[in-house]
Amino acid sequence: MRLLLSFSAGGLFGLGLFLSGMTDTQKVQGWLDIFGAWDPTLAFVMGGAILPMALAWQLTRGRAPVVGGSFPAPPRQELDRRLIIGSVLFGIGWGLAGLCPGPAIASLSYGGTGGIIFITALLIGMMAAPPVAQRLDRAAAST
């Protein structure tokens, strides 16, 4: 049951990304180009995602998931060096490629090489991040 619900939720999420235009790299880059040919339509997509999620977080407080387990703890509220660096790198990658991980996975269904190259680079970055973070942490601790 849990696998079926996960598959259904992932499929619905991917369909939403496709229908909203979040898998269209030119549309995403147009939204990010606030000083050029700005396309504000994705702001409605993000607002349409943030509002129901905020409501869902409020409704799940004190409850357990239907299929067992527990809901994840709320994220930490502190702004640290790792969060800022990660956010900057995410934004640079999103602006350059016009994709972030969710839409990139959904775009694999189109075929072509763009999504495959992005996912490959994403996986390499995910493997490189822990050792790089450890090295940066050691360097910061020694100063």
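Residues numbered from 1 in each chain as written. Predicted model: local features only at pLDDT ≥ 70, side-chain atom pairs only at ≥ 80, totals over all residues. Heavy atoms only, no water.

J.: Can you break down helix H4 (residues 81-97) residue by residue, with the values?
T.: In this model, H4 (17 residues) spans 24 Å end to end at C-alpha, consistent with the 24 Å of a helix rising 1.5 Å per residue. One or two residues past the end of H4 sits Gly98, with phi positive at roughly 75 degrees. (Helix = DSSP H or I, 4+ residues; strand = E, 2+ residues; numbered from the N terminus. Expected span 1.5 Å × (residues − 1).)

J.: Lay out the environment of Ser70 with the relevant residues and their values.
T.: Relative to the helices and strands, Ser70 is located in the loop between helix H3 (41-60) and H4. Judged by relative accessible area, Ser70 falls into the exposed class, the value being 63%. Sequence separation between Ser70 and Ala128 is 58 residues, and the spatial gap between their C-alpha atoms is 30 Å. (Buried < 20%, exposed > 50% of the residue type's maximum accessible area, 1.4 Å probe, protein only.)

J.: Residues and numbers for the side chain of Thr23, please.
T.: Position of Thr23 among the secondary structure elements: in the loop between helix H1 (2-20) and helix H2 (25-32). Apart from residues no more than four positions distant in its own chain, Thr23 is found in contact with Leu17, Phe18, Leu99, Pro103, Ala106, Ser107 and Tyr110. (Contact = heavy atoms within 4.5 Å.)

J.: With reference to specific residues and values, describe the packing of aromatic side chains.
T.: The full count for this structure, using the stated rule, is 2 aromatic pairs. Pairing Trp31 with Trp94 gives two aromatic rings, centres 5.7 Å apart and planes at 50 degrees, and the pair type is tilted. Here Trp31 is found in helix H2, whereas its partner Trp94 is found in helix H4, with 63 residues between them in sequence. Considered together, Trp31 and Trp94 belong to a single accessibility category, that of buried residues. Residues Phe90 and Trp94 carry aromatic rings whose centres are separated by 6.1 Å and whose planes lie at 40 degrees to one another, so their mutual orientation is tilted. Here Trp94 and Phe90 lie together in helix H4, a separation of 4 residues that amounts to about one turn. Under the relative-accessibility criterion, Phe90 is labelled partly exposed at 41%. For Trp94, a relative accessible area of 12% gives the class buried. Members of the aromatic cluster, each reached through a chain of ring pairs, are Trp31, Phe90 and Trp94. (Phe/Tyr/Trp six-rings, centres within 6.5 Å; stacked < 30°, edge-to-face > 60°.)

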